[in-house]
Amino acid sequence: MSISLYALVEDSHVIAGFITNILLMYTIVKFSRKSLGSYKEMLLIFAAYDVFLVALHAVLKPRVVVVETTIFGVAADWDNRYITAFYCSCNTVPFVLMIIDFLYRYWCIGRPHLIALFSDWRFAGFLVLIVLFEYFLWYFVCTEVLTGQGPEYGKTLLAEETGRRLGKEIKEGWLVMNYWENDVINWRIFIALMIFNTIMIGCFSIAITFGGLCYYHIYVLRGATHSISANALNMQRKLFLSVCAQTAVPLFFVYIPYLCVLNLPFMNLPVFFWDDACMLLTSCFPAWDGIIVIVLMPDYWKGLLGIIWKKNKTKKITSRETQSIPTTMRSFTNHIRPTLQTTLNVRDHR
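All of these numbers come straight from a predicted model, not from anything done at the bench.

Engineer: Honestly, the packing of aromatic side chains in this entry has me stumped. Any pointers?
Structural biologist: In this description, a pair of aromatic rings is defined by centroid distance and the angle of the planes. For the structure shown, the criterion picks out 25 aromatic pairs. Their ring planes at 35° and their centres at 6.4 Å tell us that Phe123 and Phe126 sit as a pair that is tilted. Of this pair, Phe123 and Phe126 both sit in helix α5 (residues 121-145), separated by three residues, roughly a single helical turn. By relative accessible area, Phe126 is classed as partly exposed at 48%. One aromatic cluster is present, built from ring pairs that chain together Tyr39, Tyr104, Trp107, Phe118, Phe123 and Phe126.

Now the structure itself:
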């Protein structure tokens, strides 16, 4: 992909991500049903975090580069590896948010007596601590375990490669994973890779487990274990499908690219297009996340269409009223003109 096309796709998704998630936040506040309960606040937090990710990517625009099939690196134009680590760590937070999303859906249908915990500040604080733990663990591994702080062979190759691909060299700010130095495994980097894989695969496995339990209660038991109306069960189905679609977005735009660029160099396999596509796909994630929620939540897209319809209807009514004014004036003039003429004739006769 050429640099200009890459930049066009990236920038368009950044703009789209900002617009769609601002619209999503508006629809959540304006059109959410009361029956959503605290899930409304969760959706609002997720959308707000997507806006933050969009802004972060627009400012930093990092690049992933793999050279000699075994050296992985990521850097941004800011020449600061701590900023690069901050970006990478922030984009892993949705891994944990996905678990929380599925947990809420499972408790709604399978453990409704526990759902009140989401309104308890202590439980909410506990969930925040889990999110922060995952973030700081990823950040710590990036800054303290990965290399790239001083002069090294891998960083030099990565800087030269950015000059060839981008037309300018990024010399500092690198997070480097040189798995095989002189054909000998770098155990420090291998441990970092295992930590990254454990976080990603572990989070996805837990989310899928809750998703499977939710599916079992909705489609197999059909809410039989708890008294639930047909309308409520139908709503749970729609919300479950929405969560599944939301899970597919980070899976394809974040999980798979991260797994590929981290693990293929370790196995000494070609990454093909994944290093160029990694951050491009990451920039697409917030936009499609917002679109999917709006499309799969009927209250939201119907609410937006209602606003557009009302505006068009108001314009048409205003246009008709404006057009009817000259007609009314013309009719009034035609009606009163003979009367005036008759009055003048009577005066002249006198």
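Engineer: Any chance you could explain the pairing of strand β3 (residues 175-178) here in plain terms?
Structural biologist: Consecutive side chains of a regular strand alternate in pointing toward one face of the sheet and then the other. Here β3 shows a buried face lined by Leu175 and Met177 and a second buried face lined by Val176 and Asn178. With four bridges connecting them, strand β2 (residues 71-75) and β3 associate as antiparallel partners. Note on β3: the bridge partner recorded for Ile71 is Asn178.

Engineer: So what exactly am I meant to see when it comes to the sheet that holds β2 here?
Structural biologist: Two pairing modes exist for strands in a sheet, parallel and antiparallel, and in both the strands are linked by backbone hydrogen bonds. Spatially, the three strands line up as an open sheet ordered β1-β2-β3, and their pairing is antiparallel. Each edge of the open sheet is held by one strand with a lone partner, namely β1 (63-67) and β3. Between one strand axis and the next, the sheet turns by 10° as a mean value, whatever way the strands run. In this fold helix α6 (residues 153-166) packs onto β1, β2 and β3, with an angle of close to 115° to the strand it touches most, β1.

The rules we used
- Residues numbered from 1 in each chain as written.
- Predicted model: local features only at pLDDT ≥ 70, side-chain atom pairs only at ≥ 80, totals over all residues.
- Heavy atoms only, no water.
- Phe/Tyr/Trp six-rings, centres within 6.5 Å; stacked < 30°, edge-to-face > 60°.
- Helix = DSSP H or I, 4+ residues; strand = E, 2+ residues; numbered from the N terminus.
- Buried < 20%, exposed > 50% of the residue type's maximum accessible area, 1.4 Å probe, protein only.
- Pairing = 2+ DSSP bridges.
- Axes fitted to C-alpha atoms, helices over the stretch in contact; angles between N-to-C directions.
- Contact = heavy atoms within 4.5 Å.

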